[in-house]
Amino acid sequence: MRRIRRQTISLAAAVMLPLLILTGLQLYDGVNTRRLELEALSRARAGEIMRLVDAQVMAEVRLGRVLSLADSIKQDDAARAHRRAREFREAAGSWRTVRLSDPHAGLELFDLRRPASAQPRAAGPDVAALGRKPFTAMVVEGVVRDAGAHGIALHMPILRDGQLRYILTVELDPRAFHNIAAPRYPAETVVAAVVDRSGRFISRSLRYEATVGHPGSAQLREAVLRGGEGFYRNVTLEGVPTYTGYVTSPLTGWSTHVAVSSSPFEAARYWSMAIWVVVVLGCLALSGLMIGLTLRDMDQVRREDEGLRQAQKMEALGHLTGGIAHDFNNLLTAIIGSLDLVLRRAPAEDPNRRYLEGALDAAQRGAKLTSRLLAFSRTQKLGVEPVDIAATLDGMSELLDQSLGPGVAIRVQVAPEARWVSTDRNQLELALLNLAVNARDAMPEGGRLTFTGALVDHRRAGKATPRVVLAVSDTGQGMTSEVLHQAFDPFFTTKAVSKGTGLGLAQVYAFARQCGGEVKIHSEVGKGTRVELILPAASEVASAPAIAAPEPVLADGRRILVLDDDESVRQVLVENLRARGYVVFQAANGEDALNALADIDPDLFVLDFLMPGLNGAEVARRARQMRPHQKLLVVSGHLDSVALEGAIEGVAILQKPFDGPTLALRVAEVLKGTGA
């Protein structure tokens, strides 16, 4: 009996020991996997914040570079440069001050915190240090306390003939970066922070006012010294043990840190060990359940984070492209308007006319590019109209030939009944060009690209409506099912980092949806790809013979008030209108324009939309309150239709950039009462 008992115990031990070892290993593996996933998730969140911070830095740098190109700085006019810098600070919102220094003379020419009439003073040690060494690229400093508040200095060189002439310093409010990180993780269980190269806090989602400018923990500073990206254990300033993932920016040297409380992880580990000691089978069952639930929750969190990341990328890209388009449209308006004035005054036999006409043509092509940027940033509505796709493809033939190269044969087959669609002409051209370039990249050895158009009946909600299927087919490599599944995802690309952005098909998809259509892709590896743009059909528009009508002249002493904060754009508007016989008055800001409105009693008020201080919508609203029947013409390079329409109804709009004849025609339409 004892022998049987011993054998039974031995057998039980022989069975239980491997089970205990297996259970222990499984629990350890589960805990370790959770730690690795937590590490990866915290690093991903840190990287997400870092990308947004870098985008904010680049936006501030671009605005600073535009300021550095001001005529007042080129002409060494410190007083005018002071006024221009103050306008930029008001427009930016995140600039605390702007300084302009002469490193060779060791002088600070002006600081917006001092009056414009103040005498130059000795440059600060940071500027002096930059002037003693080759300085040709932007330098981003860390957070410092200056004049009773914390700030971050961006130093930008201003070169003249390849040599350093001035140093432009923009001091930023750290809240511009705090507003990126803090709203995403407001709870104490997750703490997000942005620190500079010395480990001092630029932003922290908890206790921001008490921590900005102060150094982080020793573990955080060690991570800053290591650079790159990684993971470490830490204790927050509130005494909470955490696991922290961090990512360092190659642009600024700053780093973002996302700390997740380690208490749930540690509690799960101890609980698993206790269950393993008490009962193996219960531990196995519970571990399986916990692992399943954990994986499900982590998958949910991962999907939500991915969706948030993509939405934030698109939002940041929209702001960035819209801002760039606005700046370029102002520049192009001044260029196109000035060239138009010169061409009007130049004799027909002047040999320089062809150069002026070439410059004007190049500027107008630039205007088309900024129009596409505005459409992508979603700040303007599409100009949906009947479009002849056969004529559009015919007009794009030269561009397609240049873009695709001699190795790609192009064929167009559009059925006569499928020529007309309801869409935006410029965005259709951009979509077709995107699809053609994608097809070219899928045919490295050359091939055939076919554009076809067919009319079909599309059924929706039981009702058949005519649709045109505009298909772009190639004989290239084709897509796998995995790639096809993600083809429309923004920023997804199979190309090398420097070869593609992953925005082409996403733009095509967004454009088709905005037009009330859809996009489908059919592809097979080795057999090519067919992309179908399904767009609403339109009735054929009878083409009227082109008649060169003279420019409308409604001057007759009509009085026009022009408001634009950009001096070069304002002067172009004024000169073009005066050249056509109008009596023109001008104002540089909304307050001056409103003060002059009652005295001038203009027949037409022409105003910019995006300005520092009072924007165009607010000025238009106040003008209508003063003069209910005042005729208004709003011009803008970054037209937010929703904001403008919400401010005032029936306002006429002119999109920058434009030439003199277009301006004259629009002014005449508004004065006649037909332009709203």
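Residues numbered from 1 in each chain as written. Predicted model: local features only at pLDDT ≥ 70, side-chain atom pairs only at ≥ 80, totals over all residues. Heavy atoms only, no water.

### Concerning empty space enclosed by the protein
So, point 1. Overall, the coordinates contain one cavity of 30 Å³ or more when judged by the stated rule.
So, point 2. Its boundaries defined by the atoms lining it, the largest cavity holds a volume of some 140 Å³.
So, point 3. Taken together, 16 residues form the lining of the largest cavity, with Phe201, Arg204, Leu220, Asn234 and Thr236 sitting closest to its centre.
So, point 4. Residue assignment for the lining of the largest cavity shows that the elements contributing at least two residues are β7 (190-195), β8 (201-204), β9 (229-235), β10 (241-248) and β11 (255-261).
So, point 5. Broken down by class, the residue content of the lining of the largest cavity amounts to nine nonpolar, six polar and one charged. (1 Å grid on protein atoms, 1.4 Å probe; cavity = no way out; pocket = protein on both sides within 12 Å on 5 of 7 lines; lining within 4 Å. Points joined across faces, edges and corners; volume = space filled by probe spheres on them. Helix = DSSP H or I, 4+ residues; strand = E, 2+ residues; numbered from the N terminus. Nonpolar A, V, L, I, M, F, W, Y, C, P; charged D, E, K, R; others polar.)

### Description of the confidence of the model for the protein
So, point 1. The predicted model of the protein averages 78 in pLDDT, with 73% of residues at 70 or higher.
So, point 2. A low-confidence stretch, residues 283-287 stays under pLDDT 50, and its non-local contacts, those more than four residues away or across chains, total 11 contacts.
So, point 3. Scored below 50 in pLDDT, residues 544-550 makes zero contacts in the model with residues more than four places away or belonging to other chains. (pLDDT = per-residue confidence, 0-100. Contact = heavy atoms within 4.5 Å.)

### Considerations on the sheet that holds strand β21 (residues 604-608)
So, point 1. What the five strands build is an open sheet, ordered β20-β19-β21-β22-β23; its pairing is parallel. Edge strands, defined here as strands with exactly one partner in the open sheet, are β20 (583-587) and β23 (652-655). Each neighbouring strand pair of the sheet contributes to a mean axis angle of 20 degrees, computed without reference to strand direction.
So, point 2. Helix α16 (residues 567-579) rests against β19 (559-563) and β20 of the sheet, and its axis sits at about 170 degrees to β20.
So, point 3. Lying over the sheet, helix α18 (residues 616-626) contacts β19, β21 and β22 (632-636), oriented at roughly 160 degrees with respect to β21. (Pairing = 2+ DSSP bridges. Axes fitted to C-alpha atoms, helices over the stretch in contact; angles between N-to-C directions.)

### Some details on the packing of helix α12 (residues 397-404) against helix α13 (residues 425-441)
So, point 1. In contact at an axis separation of 10 Å, α12 and α13 are set at 30 degrees when each is read in the N-to-C sense. One way to sum up the angle between α12 and α13 is to call them roughly parallel. Between α12 and α13 lies a crossing of right-handed hand. Contact residues: Leu399, Leu400, Ser403 and Leu404 in α12; Leu433, Ala436, Val437 and Arg440 in α13.
So, point 2. Taken together, the residues of the contact of α12 with α13 sort by class into six nonpolar, one polar and one charged. (Parallel < 35°, antiparallel > 145°, perpendicular 65-115°, else oblique. Left-handed = near helix turned anticlockwise from the far one by under 90°.)

### What about the sheet that holds β8?
So, point 1. The antiparallel open sheet is built from five strands, whose spatial order is β8-β7-β11-β10-β9. Only two strands of the sheet have a single neighbouring strand rather than two, namely β8 and β9. Each neighbouring strand pair of the sheet contributes to a mean axis angle of 25 degrees, computed without reference to strand direction.
So, point 2. With six bridges joining them, β7 and β11 adopt antiparallel strand pairing. Paired with Val195 across the strands is Ser255, a residue of β11.
So, point 3. The strands touched by helix α7 (residues 218-226) within the sheet are β7, β8, β9, β10 and β11, with β9 carrying the most contacts at an inclination of about 170 degrees.

### Structural notes on the environment of Arg175
So, point 1. Looking at the secondary structure, you find Arg175 in helix α5 (residues 175-181).
So, point 2. When the C-alpha atoms of Arg175 and Ser203 are compared, they prove to be 7.3 Å apart, with 28 residues separating the residues in sequence.
So, point 3. If near-sequence neighbours (up to four positions away) are discounted, Arg175 is found in contact with Tyr208 and Glu209.

### Considering the pairing of β8
So, point 1. Taken together, the three bridges between β7 and β8 define a ladder with antiparallel strand orientation. Pairing of Val195 across the sheet is with Phe201, part of β8.
So, point 2. Counted along the chain from β7 to the antiparallel partner β8, the turn is five residues long, and its residue Gly199 has a positive phi close to 85 degrees.

### With respect to α18
So, point 1. Here α18 has its buried residues at Gly616, Ala617, Val619, Ala620 and Ala623. Buried residues of α18, seen end-on, are gathered within an arc of 160 degrees and therefore sit on one face of the element.
So, point 2. The distance from a side-chain oxygen at the start of α18 to the backbone nitrogen of Ala617 is 3.1 Å, and the residue carrying that oxygen is Asn615. (Buried < 20%, exposed > 50% of the residue type's maximum accessible area, 1.4 Å probe, protein only. Arc of directions from axis to C-beta. Polar contact = N/O pair within 3.5 Å; in protein donor to acceptor, adjacent residues only side chain to side chain.)

### Some points on the environment of Leu573
So, point 1. Note that Leu573 resides in helix α16.
So, point 2. In sequence terms Leu573 and Thr333 are 240 residues apart; their C-alpha atoms lie 9.0 Å from each other.

### Digging into the environment of Gly383
So, point 1. Mapping Gly383 onto the fold places it in the loop between α10 (353-376) and β12 (384-388).
So, point 2. Between the alpha carbons of Gly383 and Cys515 there is a distance of 9.5 Å; along the sequence they are 132 residues apart.
So, point 3. In this structure, Gly383 is in contact with Thr423, Asp424 and Arg425, ignoring residues within four places of it in sequence.

### Describing the packing of aromatic side chains
So, point 1. By the definition in use, this model includes four aromatic pairs.
So, point 2. Ring centres 6.4 Å apart and planes at 25 degrees place the aromatic pair Phe88 and Trp95 in the stacked group.
So, point 3. Assessed through its relative accessible area of 5%, Trp95 is described here as buried.
So, point 4. On the numbers, 5.8 Å between centres and 55 degrees between planes, the contact of Tyr232 with Tyr246 is tilted. With Tyr232 in strand β9 and Tyr246 in strand β10, this residue pair connects regions lying 14 residues apart in the sequence.
So, point 5. In this structure Tyr246 comes out as buried when scored by relative accessible area, which is 3%. (Phe/Tyr/Trp six-rings, centres within 6.5 Å; stacked < 30°, edge-to-face > 60°.)

### Some remarks on the pairing of strand β18 (residues 528-536)
So, point 1. Of all nine residues in β18, eight are buried; the element is thus mostly enclosed.
So, point 2. Two successive antiparallel strands, strand β17 (residues 518-524) and β18, enclose a turn made up of three residues, where Gly526 displays a positive phi of approximately 85 degrees.

### Digging into the side chain of Ser68
So, point 1. Relative to the assigned elements, Ser68 resides in helix α1 (residues 2-68).
So, point 2. Within the structure, Ser68 has its side chain in polar contact with the backbone oxygen of Arg65 (distance 2.6 Å).
So, point 3. For Ser68, the residues in contact, after removing those within four places along its chain, are Ile73, Ile158 and Leu168.

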